[in-house]
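One-letter residues, chain by chain:
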Amino acid sequence: MAGEYRFSFGPWNIHEGGDPFGPTVRDSISFGEKLKLYKKLGFDGVQFHDDDAVPEMNKLGPKEIVDKAKEVRKMLEGEGLTAEFVAPRLWEDPRTIDGGYTANDPAARQYAKDRSRRAIDIAVALDTKLIVLWLAREGTYIREAKDSKVAVDRLVEAIDDMLGYNPDMKIAIEPKPNEPMDQAYIPTTGHALALGYLTKDPKRVGVNIETAHAILAGLDPSDEMGFALAYEKLYTVHLNDQNGLKFDEDKSFGSVNLRRAFDQVRLLDKYDYGKRGEFVGLDVKVMRTQKQDGATKHLSNSRTVFLKLVELVRSLDEGKVEQLIAGRDYEELDMLIMSHLLGK
Ligand code: XUL
Ligand code: MN
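Procedures and definitions
- Residues numbered from 1 in each chain as written.
- Chains lettered and ligands numbered in written order.
- Predicted model: local features only at pLDDT ≥ 70, side-chain atom pairs only at ≥ 80, totals over all residues.
- Heavy atoms only, no water.
- Donors = N, O, S within 2.8 Å, 3.2 Å for Na, K, Ca; no water.
- Tetrahedral: all angles 85-135°; square planar, octahedral: opposite > 155°, others 65-115°.
- Helix = DSSP H or I, 4+ residues; strand = E, 2+ residues; numbered from the N terminus.
- Buried < 20%, exposed > 50% of the residue type's maximum accessible area, 1.4 Å probe, protein only.
- Expected span 1.5 Å × (residues − 1).
- Polar contact = N/O pair within 3.5 Å; in protein donor to acceptor, adjacent residues only side chain to side chain.
- Near = heavy atom within 4 Å.
- Nonpolar A, V, L, I, M, F, W, Y, C, P; charged D, E, K, R; others polar.

### Regarding the coordination of the manganese ion (ligand 2)
Within the protein, the atoms that donate to the manganese ion (ligand 2) are E174 (OE), E210 (OE), H238 (ND1) and D283 (OD), at distances of 2.0 to 2.2 Å. With six donor atoms in place around the manganese ion (ligand 2) and angles of 79 to 167° between them, the coordination shape is octahedral. Sequence spacing of the donor residues for the manganese ion (ligand 2), all on one chain, is E-x35-E-x27-H-x44-D. Highlighted residues: E174 in strand β6 (residues 170-174) and D283 in the loop between β10 (280-281) and α10 (297-314), separated in sequence by 109 residues. Among the residues examined, D283 registers a relative accessible area of 8% and is labelled buried.

### Quick look at helix α9 (residues 258-270)
For α9, with 13 residues, the first-to-last C-alpha span of 18 Å sits near the 18 Å given by 1.5 Å per residue. Those residues of α9 not exposed but buried are R260, A261, F262, Q264, V265, L267, L268 and D269. Backbone nitrogen of R259 and a side-chain oxygen of the N-cap are separated by 3.2 Å at the start of α9; the cap is N257. Looking one or two residues beyond α9, the residue adopting positive phi is D272, at roughly 55°.

### Comments concerning the site of ligand 1
Around ligand 1, the neighbouring residues are W12, H49, W91, W134, E174, K176, E210, H213, H238, D248 and D283. Measuring from an oxygen atom of ligand 1, one finds a side-chain N or O atom of D248 at 3.0 Å. Partitioning the shell around ligand 1 into residue classes produces three nonpolar, three polar and five charged.

Encoded structure:
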């Protein structure tokens, strides 16, 4: 329950509400103010992009970056918080317009590798051993723009560079099939894990599975999680929800399809997710319509829904489930689950 699970989110999950078609609608909240909200909302872990921890890091040298990150670690300690992971934010720099690790320009690829090393330095300073790689621009708008075989070779080369740079760091690839690219090279959990096995240390390469990304790939998020669990590769999760095949919505967990959320929680709880130190990570966006005051409700609501679903999962009559499976009465099993979700 609440004490058994530790929850995390990233500072970008408290945001001003700007979208591609309109300006921001809420005031900015400083990083320090955001940190003060974590515990109040029931969260213990902070997910970082490298420049969430060290803004404008491209203007700083490696030592200055580490010094700044150490200051952030002190802030975390002051709030009783832990850094869960650091993700290199490679997709906003002019040098990575055509991608980072898979860019056609060798200078862009080198920048991406260097920046990833700096992200690892920040992770060390923040006392976490987990790097998340969301491969934002590692794909194409038109198929002929890049060679997909070479792209995979280049991704392996970049991950090998990170694994070699720090022998303690683990890497969780966060697959996503599209957005911002038309076609991403690592669209699913299967692709991410297979990529890991091409690297020089597959033991240290796993996944971060995001609910919405699995749905965008036309897949069931709990099945994706089960696949990763079978490989002992579910390093973290980004729970949220997604209403069909459209832009990545990052809706509150369970808000579109409660049964799909129930299935994710059932699987995670069954296989002791969290007991090996994993956080229940969220990647949720508040609605643009939300007023300033209530703009953290998506976080506390997602956490509450997760915990309520844990209760529901644990009160499911698993003996009855077994019996119905043995009798191949899946219609009755369907009704059992629906009745359980309806509370009757
Ligand atoms: C993008 C996404 C990112 C990653 C972290 O769709 O989910 O926020 O989770 O870089
Ligand atoms: Mn995510």
